[in-house]
Amino acid sequence: MKILTGNDLRSGAVTWWNGTGWSLFVDDAVDVGDEAKEILAREEAARRVNVPYVIEATIDAGGHVRPAHIKDRVRALGPTVRRDLAVPTAAKTGWDWVI
Amino acid sequence: MVDARVEEFRDQARRRLEGKLTEDQFKPLRLMNGLYLQLHAYMLRVAIPYGTLNAHQMEALADIAEKYDRGYGHFTTRQNIQYNWIKLEDAADILADLSKVEMHAIQTSGNCIRNISADHFAGAAADEVVDPRPYAELMRQWSSFHPEFTYLPRKFKIAVIGSETDRAAMRLHDIGIRIVKRDGEVGAQFFAGGGMGRTPMIAPMIRDFVPLDQLIIYAEACLRVYNRYGRRDNKYKARIKILVHELGAAEYTRQVEDEFAHMLSVGIEPPREELARIAAHFAPPAFVDGPKTLDRSDPDFALWVDRNTHRHQHDAYVSAVISLKPAGGIPGDATADQMRLMARLAKQYSFDELRVMHTQNVLLPHVRIADLHAVWSALDEAGLGSPNMDTIEDIIACPGLDYCSLANARSIPLAQRISERFAASGRTAELGELKLKISGCINACGHHHAGHIGILGVDKKGTENFQLSLGGSEAEDVSLAKITGPGFDEDGVVAAVEKVTDVYLGAREDGERFLDTYRRIGMEPFKEALYGR
Amino acid sequence: MADNLGTSPDEVQFRFRDDDPVDHGTVTVDSALEQTNANAVRIEPGDDARLLLPFLDRLALVEVNFPAFGDGRGYSAARILREAGYAGELRAVGDVLIDQLSHMRRCGFDSFAPDKRLDEDDAARAFATWENVYQRAADARVIIADKRHEA
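Residues numbered from 1 in each chain as written. Chains lettered and ligands numbered in written order. Predicted model: local features only at pLDDT ≥ 70, side-chain atom pairs only at ≥ 80, totals over all residues.

Caption draft 1: Inspection of the domain arrangement of chain B at higher detail. Looking at the assigned domains, one finds that chain B contains domain 1 (2-100), domain 2 (124-281), domain 3 (299-381) and domain 4 (396-531). Its C-alpha centre places domain 1 of chain B at a distance of 27 Å from the equivalent point of domain 2 of chain B. (Domains from an automatic or database assignment.)

Caption draft 2: Just the pairing of strand E2 (residues 14-17) of chain A, in detail. Residue and element names in this part refer to chain A. Along E2, one buried face is formed by Val14 and Trp16 and the opposite face, lined by Thr15 and Trp17, is buried too. Direction of pairing for strand E1 (residues 2-7) relative to E2: antiparallel, over a ladder of three bridges. Bridge pairing links Asn7 to Val14 in E2. Counting the residues between successive antiparallel strands, the hairpin from E1 to E2 contains six residues, one of them, Gly12, with a positive phi of roughly 80°. Alignment of E2 against strand E3 (residues 22-23), held across two bridges, turns out to be antiparallel. Looking at the pairing, Trp17 lines up with Trp22 of E3. Taking the residues between adjacent antiparallel strands as the criterion, E2 and E3 are bridged by four residues, where Gly19 takes a positive phi near 110°. (Buried ≥ 20, exposed ≤ 12 C-beta atoms within 10 Å, placed from the backbone. Helix = DSSP H or I, 4+ residues; strand = E, 2+ residues; numbered from the N terminus. Pairing = 2+ DSSP bridges.)

Caption draft 3: Layout of the environment of Ile217(B). Residue and element names in this part refer to chain B. By secondary structure assignment, the location of Ile217 is in helix H6 (residues 215-229). Owing to 21 C-beta atoms within 10 Å, Ile217 belongs among the buried residues under this scheme. Residues Ile217 and Trp142, spaced 75 residues apart in sequence, show a C-alpha to C-alpha distance of 10.0 Å.

Caption draft 4: Examining the environment of Thr309(B) more closely. Residues and elements named next belong to chain B. Relative to the assigned elements, Thr309 resides in strand E11 (residues 309-311). What makes Thr309 buried here is the crowd of 23 C-beta atoms within 10 Å. Residues Thr309 and Tyr151, 158 residues apart in the sequence, show an inter-C-alpha distance of 41 Å. With sequence-adjacent residues up to four places away left out, Thr309 is seen in contact with Val318, Ser319 and Ala320. (Contact = placed C-beta atoms within 7 Å.)

Caption draft 5: Local environment of the sheet that holds strand E6 (residues 117-118) of chain B. All names here are of chain B. Strand order in this open sheet of five strands is E6-E7-E8-E9-E10, and the pairing throughout is mixed. Of all the strands in the sheet, just E6 and strand E10 (205-211) have a single pairing partner and so form its edges. As paired elements, E6 and strand E7 (residues 158-161) share two bridges and run parallel to each other. Looking at E7, one finds that Ser117 is bridged to Ala159. The strands that helix H5 (residues 133-143) touches are E6, E7 and strand E8 (175-182); relative to E7, the one it contacts most, it runs at about 155°. (Axes fitted to C-alpha atoms, helices over the stretch in contact; angles between N-to-C directions.)

Shown next as structure tokens:
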């Protein structure tokens, strides 16, 4: 599936397109199909997200949205070396999920 | 000046948030104020000119960590500090707070002249010929908001040293300067075209002696030739090292000398009195005589003294290294409370002065030998007393894929595993001086090309993989490390590091360091141990 | 590249000169070297400004093109011309944004024709940005060091 991710312009936080807005949680990400370009352009122009891009993802065995690239999994969870600073979803997926 | 810049940035950020500036337009502007967009948030890189700061400034850094970030900061391989969890809407306020203590984040990013780095033992080291800091400061002023050199082909890094020993990796900078004395006259030896990154190069010498009152003009000439002729067609070929390499050092030098001759007639050098004023600011503190020996009956203290102190110009003093590398810890990170402790110790024991090292540690430049035990006790209690300077536990690691959007692999977990492994096995002391450096990508911010042992994280079909290299040095015996062969996964590279240290221990002669043994026996014995050929 | 693609006076948004602007377009550096009567030249980033040094006396207008604001070669071109004594109009054209104005001024530019007209208030603020400067440059501003050591 194709999902959209970016950073919040104001706070810099990692966000994921949930179909109507931008969520802090990767599990809220929705499949945008062919509409990526259109959504990205609109949302960035409206400054509801900063530097967004489209990535590949799958639903893993645990039912979580799993970005295809390790970099985006690190973005989804937080720095693996500071688990105390993790995004709340980390508790659901477990840290081995990043690798 | 800094306040003007803060207000300029506040205005730029406002225009960005209002949509008057697109990200493409805003990005170079925020980069010029050290504000990056990284994996998890904005990252702010604060400049610590030639690594020098006082207690008040360190306390301000601690306050910023607490107020705007998540309670910690990271000291970098260019003597700066980075905060990883910054909000754009707070950035101007942070810059204003920094301005109050005469600090800033100017030119810590972007295609401009970056922080001038210098020997972290400047003004203290026993082997120093001339204190490089006044010249670093002169260059800092010259390079700040320079109207001609704000849009260079690429970033530009300058290092200044004042001794034969190179403790600032000077030859691996875009311009490296060694301040020297020839027949009683002080001048500058210029090197240009060094760098690490994708294509590491050692800077050739381009001028053996520039008289002091022409130092700035000569630097200006070097920069102008680069600004005019550095490549702008390819981001990865845009550093000055490529220009020097493609022209050849002789031709680059010729162009610089021509421009220099022209500029001498134009007259841009600051007045001599300014240099004198700056130098006076760096006059040595009022050292006091005292004991030159200490009580070594506590073996932990004795070990720390042997490893973490450095000979001083005054025989009643030493420089003391504060280790930010506890075994299993994150190299270079310090909490707000640890920063405050460092500040207190500096005020009490080191003439209110601290230095950030490019090895991601901090040091107190002037500590009385009589006070060493008190300093060590305080450090030890705060987890800052690891006696591991320049050992295999004193790992340099970039933030890597845990933080950095450029990275291919995580470098910090690797550093943690390696330092833990060697601390647990008790082999650190046996191995002696061993500089291990880890970069999470080819940009080489961990300086792996200059590691006795270097590790580079790469992307192998979406998984993390690590290349091992041996024999690099950032000191005056500068050399670039060579790759051993095929890469390893994380478990594999940890085991590989152990194997190469075994080879060293088995082969070393007469007080050789790892680097010396490698240089004597070559790569083959290490290759055999690693790949069984 | 064809000649006469320079900017016209009404595309100039800011001008710090009292004399009248040149009323015709510029020629390329190559053309200027051939045409002995050309008095208005346009410098591209890859041009060597020093080629004009023998003819500075007859030049009334030099445009320096910034096709992309991140290409900083034009700043060196400007300073080289001013260092050589060029006293005519030095115009920055192209991708000129608010945030480059003060640096350009200090490099000797005295007129500006940005591709996109700039906000007048923002520009006024930008031109007034620096109360104090560190380096000597083409604008002959007294540097901080000299202010400190004024006798």
